[in-house]
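Topology and contacts: notes
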Amino acid sequence: MLREAIFVFLLSLSQAAFALSSISITADKITHENATLHKANIALDLTGADIAVVEAEMLEYGKAKLEKPHITVDLKANTTILVKTHHILMNKIEAQNSLIYLDYAEKTAQPTVTFYSDIKQITDSAWSDIKINCLIPKKAKVEVWECPGGLFTAERTRVPFTITITPQPNGVDTEINLTDAHFSDASGLHAGDKLTGKIKVSALLQQDTVQKDSAKKAIWHWKGLFSWTEGELFWEPFYFGKAGNEFNISGTYNEPMLNIQKANLKINEVGNMSASAEVNIKTQEVKDAHVVAKDVDFAGLYKLVLQPMVEKSAFGNLKVSGKADWQFDVKGLQPTRFELNLKDANIEDLNGKFALSDINAHIPWDYDVPKTVTLAYSKGHVLNIPLGNTRLQAELNRYSVTAPSLVFPVLDGALKFEDVSAAYLSQQWVWHVKMQLEPISMNTFSKTLGWPEMQGKIDGQVPLITYAGKQLRIDGKMQFNMFNGNVTMDGLRIDDPLGTTPKLYANLQMRNIDLGDLTHTFNFGAIEGKLEGDIKDLQLENWKPVRMDAKIQTADGKHLKKISQRAVENITALGGEGTAAALQRTFLRFFKEFNYEKIGLSCQLRQDVCKMGGVESTPTGYIIVKGRGVPSVNVNGFTEYVSLSDLIERMKRITDSNSKMLIK
């Protein structure tokens, strides 16, 4: 040991000095076992103080290098040694302003060694303080070392600890106990509070009996335990809110290969996971890794592992339940195999956008072999539209997914995807699919959404949907048939559809919509005729309109054009003022319906404000209903700018105040 090396050397000098009062000696190098002094100067006071002072350029002790050490040695029978040094370097750790004090004085019940220092990793800029005080056993190489009262502190860190070191033949057992520790970093990405736990590490050195190149290989057999009993921990993106977690690990080390033969992780409210791996310490390459988790709680897994990774997507606020199994293999930093199984799981978006019940899924993946994926659920909904019992099957071939057809039952119809093809390229998904909406009863659809009851069916088709760069596009026109007419949509684009704030862009056209069917359906009052409309430059943010140039009007042509007094009153409530009251004060109140030439209403929306218009402009506003013949009536609008939310509220009041009827 260092103490014995210095003490023996200095004591021999003092005994040989006889009547001398002091001795000073310099040497380029002094070596004893693992200790080497470079360019040393030794001064001995022999006047009775029996003190030696050693200064040197460098002290090497094992792998540690102490720059400019200043060593004070008491040469009495019960000696003390004080070592001060400006800088210590050992592997990737460095220390400064360090003090090492060995106390073998007679007054001390048991010899001690104390270490105070500023310490940090070489790559760090901020320094921390550490204090360690250990009792030195009589047989230091075989007896237990106790180090109570240790303390590590930094700007936002305080970690009290104790260390117990038990020497073993060709090895050592170490146990570190933490009590009420807390820490955080400047970025806020890592933090712990009131942490109490235990870290145990054991290492045993063995010589391999198989010789290679005439030299035996040294192999370390090691094992470790981290047991966390109190406190909470955040390690971005994971948050461990409850203690009771335990990590067991064991393996071998044969430089430079670290072989993790067995690693078991127990996570409170999640379950158990096990792993094995082989890691090249020098290159940080994971040559072979295998991870398995059986019968894990899906809710705990989502909260701890999945939610932090998808927090800023549509899947970031879910309520889940059920059980999950998964396993994966990695070779040379390349994933080679993965498998996820969900059993009787349930998923519900707490924002109300979607939900699935009784999910059973088998999702295998292999780098070299195509695998078949199956997914089934009993029911669910998307945007309050119910989904029926569904069973899906697709093929996973490395980083691509294909399926000739996927059918999602919706109400009494179905949404059918054909020619499904997706691939993961350049760290993002790209895919395309054709879509067809098989006929859905408008009666069932309207009841489901809480609308007035409609008749007929809605169906449609989409020639091609593509997705790339977090952007969904429709190639061609979406077409839907309803109210004896059709609605088409083109230019559809959705940015970040799975994100928290998706944006939609589109243009819509309505042609030959039967106003009789439409107004009966919504109990608006009777209007006979045909409706056409255009909504250009439609933009939605998080599915709410923020921009559009919309205009609807009756179509020209030789067809019946009648409007009831009740419809006039409701249109007046939308954009006119005083027309309904005027009707009640004239002979026109005796007529139930009127002739019209044209009806139209427009909205130029910017954020939440609509600039309103009609079929014609007037000095004081615009005309919504332009009458013709006898009897006829005009409905004028006088409010040019209206809040969209206010306009929607007016429509709700109209439909709510009208008596409900069944439309046939």
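Notes on the structure in this doc start here. Bear in mind the structure is a predicted one, so any value in this text is a computation, not a measurement. Along each chain, numbering runs from 1 in the same order as the chain's sequence is written. Selection of residues for local features in this predicted model requires a pLDDT of at least 70, selection of side-chain atom pairs for listing and counting requires 80 or more, and totals for whole chains, interfaces and linings are taken over all residues. Hydrogens and water are ignored here; the side-chain numbers use all heavy atoms of the structure.

A count of helices and strands for the chain gives seven helices and 44 strands. Put simply, 44% of the contacts in the chain that link residues at least 6 apart link residues at least 24 apart. The helix count covers DSSP runs of H or I at least four residues long, the strand count covers runs of E at least two residues long, and both are numbered beginning at the N terminus. The contact rule is simple, with two residues in contact once any of their heavy atoms fall within 4.5 Å.

Attention shifts here to the state of the cysteines. Disulfide assignment relies on a single distance test, namely cysteine sulfur atoms paired within 2.5 Å. In the structure shown here, the tally under the stated rule is two disulfides. Between the sulfur atoms of C134 and its disulfide partner C147 the distance amounts to 1.9 Å. Between C134 and C147 the sulfur-sulfur dihedral comes to about 105°; the bridge is accordingly right-handed. Taken together, the positions of C134 in strand β9 (residues 128–135) and C147 in strand β10 (residues 145–154) put the pair 13 residues apart, joining distant regions of the chain. Taken as a pair, C134 and C147 share a single burial class, namely buried. The residue that forms a disulfide with C603 is C610, at a sulfur-sulfur distance of 1.7 Å. Of note, the bridge from C603 to C610 carries an S-S torsion of about -60° and is left-handed in sense. A simple rule labels every residue: compare its accessible area, found with a 1.4 Å probe on the protein chains alone, to the largest value its type can have, and call it buried under 20%, exposed over 50%, or partly exposed in between.

The next point concerns the nonpolar core. One finds F298, M478, L492, I527, I563, I571 and V625 to be the most contacted residues of the largest nonpolar core, which totals 82 residues. For this core, the element with the highest residue contribution is strand β39 (residues 593–606), accounting for five residues. Those residues in contact with F298, other than ones at most four positions away along the chain, are L306, V320, S321, G322, K323, A324, L342, A345 and I347. If you look at the next biggest cluster of nonpolar residues, it comprises 39 residues, including I23, I42, L75 and V113. Each nonpolar core is a collection of buried residues, namely Ala, Val, Leu, Ile, Met, Phe, Trp, Tyr and Cys, held together in the definition by side-chain atoms within 4.5 Å.

What counts as a ring pair is set by centres within 6.5 Å for rings of Phe, Tyr and Trp (its six-membered ring), and what kind of pair is set by the plane angle: stacked under 30 degrees, edge-to-face over 60, tilted for all other angles. As enumerated under the stated definition, the model contains seven aromatic pairs in all. Here the aromatic rings of W431 and Y467 are separated by 5.4 Å at their centres, their planes lie at 15°, and the arrangement is stacked. Here W431 is found in strand β29 (residues 428–441), whereas its partner Y467 is found in strand β30 (residues 457–468), with 36 residues between them in sequence. Among the residues examined, Y467 registers a relative accessible area of 11% and is labelled buried. Through a chain of ring-to-ring contacts, the aromatic side chains of W365, Y367 and Y399 assemble into a single cluster. Just above the ring of W127 sits the side chain of K120; from NZ or CZ to the centre is 5.1 Å. Here, a charge over a ring means that NZ of Lys or CZ of Arg falls within 6 Å of the ring centre while also lying within 35 degrees of the ring normal. If you follow R493 out to its NZ or CZ, it ends over the ring of Y505, 4.1 Å from the centre.

Turning our eyes to something else, we now look at the layout of surface pockets. Using a 1 Å grid laid over the protein atoms alone, points where a 1.4 Å probe fits but cannot get out form a cavity; open sets with protein on both sides within 12 Å along at least 5 of 7 lines form a pocket; any residue with an atom within 4 Å of a point counts as lining. Grid points are joined across faces, edges and corners, and a volume is the space filled by probe spheres set on the points. What the second largest pocket holds in volume is close to 2,000 Å³. Forming the walls of the second largest pocket are 39 residues, and the residues nearest its centre are Y61, G62, A64, M90 and I165. For the lining of the second largest pocket, a count of residues per class yields 28 nonpolar, six polar and five charged. Just so you know the grouping, Ala, Val, Leu, Ile, Met, Phe, Trp, Tyr, Cys and Pro go in nonpolar, Asp, Glu, Lys and Arg go in charged, and all remaining residues, Gly too, go in polar.

Here E33 is to be found in the loop between β1 (22–32) and β2 (35–45). Since its relative accessible area comes to 63%, E33 is described here as exposed. Taking C-alpha positions, E33 is 9.1 Å from Y61, a pair spaced 28 residues apart along the chain.

On to the pattern of salt bridges, then. Whenever a carboxyl oxygen of Asp or Glu lies within 4 Å of a side-chain nitrogen of Lys or Arg, that contact is scored as a salt bridge. Evaluation of the coordinates by the stated rule reveals 15 salt bridges. Its salt-bridge partner being D368, residue R398 comes within 3.6 Å of it at the nearest N-O pair. Residue R398 is found in the loop between β26 (390–397) and β27 (400–410), and its partner D368 is found in the loop between β22 (354–366) and β23 (371–377); the two are separated by 30 residues along the sequence. Judged by its relative accessible area of 32%, R398 falls in the partly exposed class.

Its place among the elements puts D514 in strand β34 (residues 503–514). Two N or O atoms count as a polar contact when they lie within 3.5 Å, although within protein this holds only if one can serve as hydrogen donor and the other as acceptor, and sequence-adjacent residues are included solely when both atoms are side-chain atoms. A polar side-chain atom of D514 sits 2.8 Å from the main-chain amide nitrogen of G516. Look past the residues within four positions of D514 in its chain and what remains in contact with it is F483, N484, G529 and K530.

Before going further, it helps to examine a negative patch on the surface. A patch is a set of surface residues, each over 30% in relative accessible area and not in a salt bridge, joined within 9 Å for like charges and within 5 Å for the nonpolar side chains Val, Leu, Ile, Met, Phe, Trp and Tyr. Using a 1.4 Å probe, accessible areas were evaluated by the Shrake-Rupley method; residue-level cover was limited to the displayed protein chains. In summary, the charge assignment counts Lys and Arg as positive and Asp and Glu as negative, without counting His or the chain termini. To locate a charge, the coordinates of NZ of Lys, CZ of Arg, CG of Asp or CD of Glu are taken. Taken together, D180, D193, E230 and E232 make up a surface patch of like negative charges. Here E232 is to be found in strand β14 (residues 215–235). Relative accessible area serves as the criterion here: at 32%, E232 is assigned to the partly exposed category.

Relative to strand β6 (residues 80–90), strand β4 (residues 64–67) runs antiparallel, the two being bridged by four bridges. Paired with E67 across the strands is H87, a residue of β6. When DSSP locates at least two bridges between a pair of strands, those strands are taken to pair. Examined bridge by bridge, strand β5 (residues 70–74) and β6 share four bridges and lie antiparallel to one another. For T72, the partnering residue across the bridge sits in β6 and is L82. Here β6 pairs with strand β7 (residues 93–103) via ten bridges, running antiparallel. By the bridge assignment, K84 is partnered in β7 with L99. Hairpin connection from β6 to β7: two residues lie between these consecutive antiparallel strands, with N91 at a positive phi of about 55°.

A few words now on the side chain of T36. Structurally, the position occupied by T36 is in strand β2. With residues up to four places along the chain from it excluded, the contact list for T36 reads K29, I30, T31, M58, L59 and E60.

Bringing unusual backbone geometry into the picture now. Cis peptide bonds are those with omega within 30 degrees of zero, and the linkage from E255 to P256 qualifies with 5°. Structurally, P256 is set in the loop between β16 (245–254) and β17 (257–267). At N170, a residue that is not glycine, the phi angle is positive and equals roughly 65°. Structurally, N170 is set in the loop between β11 (157–168) and β12 (171–184). In this model, N484 sits at a positive phi of 60°, which is unusual for a non-glycine residue. By the secondary structure assignment, N484 is in the loop between β32 (478–482) and β33 (485–495).

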